[in-house]
Amino acid sequence: MVKFCLQCKSSFWGGQYCPKCEGQVELLDAALPENQKYLAELNVDVRPKYFARSSMMLTCFGFIMALPVGMFIFLRGMAIAGNVLLWASVGIGTVFAIAWGTWKLSHLVFAKQMTEVKDTKEAQLD
Ligand SMILES: [Zn+2]
């Protein structure tokens, strides 16, 4: 949950009160529709966090799904013809191709989404 402070214009991961400001300044939830009008005023741009997370999910999905697909190709190939070296290399090649492909694709998706983010703001990636 991303929260932000209207006084110092900083954003934080959760919490009720701003840790930077003096006194008890209430933090606002960035996900609530009534608070989204303030997002343009913040010093940081929180969108890179979400863009990075979706790219990370895509990469993770590709890395996880690559192994079963490679194993499936290897087993199907072995059922058709028993050339272990051929089907093992095709299966391993498939694993690396899918993993590398989703990694590159997620980088492209992240770079495309980041073109919307203005350079004048600090991108919050932590
Ligand atoms: Zn503050």
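Keep in mind that what you see is a predicted model, and the values were worked out from it rather than measured.

Student: What is the right way to look at the domain arrangement of the protein chain in this model?
Tutor: By a frequent convention, interface size equals the accessible area lost on bringing the separate parts together. Here the protein chain is partitioned into domain 1 (2-42) and domain 2 (47-123). A C-alpha centroid distance of 36 Å is found between domain 1 and domain 2.

Student: Before we go on, may I ask you to explain a nonpolar patch on the surface in this structure?
Tutor: Taken together, the side chains of Phe-61, Ile-64 and Met-65 make up a nonpolar region of the molecular surface, amounting to roughly 320 Å² of accessible area. By relative accessible area, Met-65 is classed as partly exposed at 36%.

Student: When you look at helix 1 (residues 47-80) in this model, what are you seeing that I'm missing?
Tutor: Because each turn of an α-helix spans 3.6 residues, side chains separated by three or four positions in sequence point in the same direction. The end-to-end C-alpha separation of helix 1 is 49 Å, in line with the 50 Å expected for 34 residues at 1.5 Å each. Its axis deflected by about 25 degrees at Ala-66, helix 1 carries its strongest bend there, up to four residues before the proline Pro-68. Restricting attention to buried positions, one finds in helix 1 the residues Pro-48, Lys-49, Phe-51, Ser-55, Thr-59, Gly-62, Ala-66, Gly-70 and Gly-77.

Student: What is the right way to look at the coordination of the zinc ion in this model?
Tutor: Coordination of the zinc ion by the protein involves Cys-5 (SG), Cys-8 (SG), Cys-18 (SG) and Cys-21 (SG), with metal-donor separations of 2.2 to 2.3 Å. Classification of the site at the zinc ion rests on its four donor atoms, whose angles at the metal span 106 to 111 degrees, yielding the label tetrahedral. For the zinc ion, the donor residues sit on a single chain with the sequence spacing C-x2-C-x9-C-x2-C. Note on Cys-5: relative accessible area 0%, which makes it buried.

Student: Would you mind showing me how to read the layout of surface pockets here?
Tutor: One way to see where empty space is left: roll a probe the size of a water molecule over the atoms. Estimated volume of the largest pocket: approximately 250 Å³. Around the largest pocket, the lining comprises 13 residues; the ones closest to its centre are Leu-39, Ala-40, Asp-45, Val-46 and Arg-47. Of all the elements in the fold, those that place two or more residues in the lining of the largest pocket are strand 4 (44-45) and helix 1. Taken together, the residues that form the lining of the largest pocket break down as eight nonpolar, one polar and four charged. Residues lining the lining of the largest pocket come from more than one domain, with at least three contributed by each of domain 1 (2-42) and domain 2 (47-123).

Rules used throughout
Here the residue numbers are simple positions, counted from 1 along each chain's written sequence. Residues qualify for local features only when their pLDDT is at least 70, as the model is predicted, and side-chain atom pairs are given and counted only at 80 or more; totals for whole chains, interfaces and linings, by contrast, use all residues. Side-chain descriptors were evaluated using all non-hydrogen atoms of the structure, hydrogens and water having been removed beforehand. The start and end points of each domain follow an automatic or database-based domain assignment. Residues with no salt bridge and a relative accessible area higher than 30% make up the patches, which join like charges within 9 Å and nonpolar side chains (Val, Leu, Ile, Met, Phe, Trp, Tyr) within 5 Å. Computed with the Shrake-Rupley method and a 1.4 Å probe, the accessible areas treat only the protein chains shown as cover for residues. Put simply, a salt bridge is a Lys or Arg side-chain nitrogen that is within 4 Å of an Asp or Glu carboxyl oxygen. The buried label goes to any residue with under 20% of its type's maximum accessible area, the exposed label to any with over 50%, and the partly exposed label to all in between, with areas taken from a 1.4 Å probe on protein chains only. To qualify as a helix, a DSSP run of H or I must reach at least 4 residues; to qualify as a strand, a run of E must reach at least 2; elements of each kind are numbered from the N terminus. What a helix should span is 1.5 Å times the count of its residues minus one. The quantity called bend is, for any residue, the angle between two axes fitted respectively to the seven residues ending at it and the seven beginning at it. Here a donor is any nitrogen, oxygen or sulfur atom (N, O, S) within 2.8 Å of the metal, with 3.2 Å used for Na, K and Ca; water is not among the atoms considered, so some sites may look incomplete. Just to be clear on the cut-offs, tetrahedral is four donors with all angles between 85 and 135 degrees, square planar is four donors and octahedral six with opposite donors over 155 degrees apart and all others between 65 and 115, and anything else goes down as irregular. Here the term cavity refers to a set of points on a 1 Å grid, laid over the protein atoms alone, in which a 1.4 Å probe fits but cannot get out; the term pocket refers to an open set having protein on both sides within 12 Å along at least five of seven lines, with lining residues being those that place an atom within 4 Å of a point. Grid points are joined across faces, edges and corners, and a volume is the space filled by probe spheres set on the points. Polar here means any residue other than Ala, Val, Leu, Ile, Met, Phe, Trp, Tyr, Cys and Pro, which are nonpolar, and Asp, Glu, Lys and Arg, which are charged; Gly is therefore polar.

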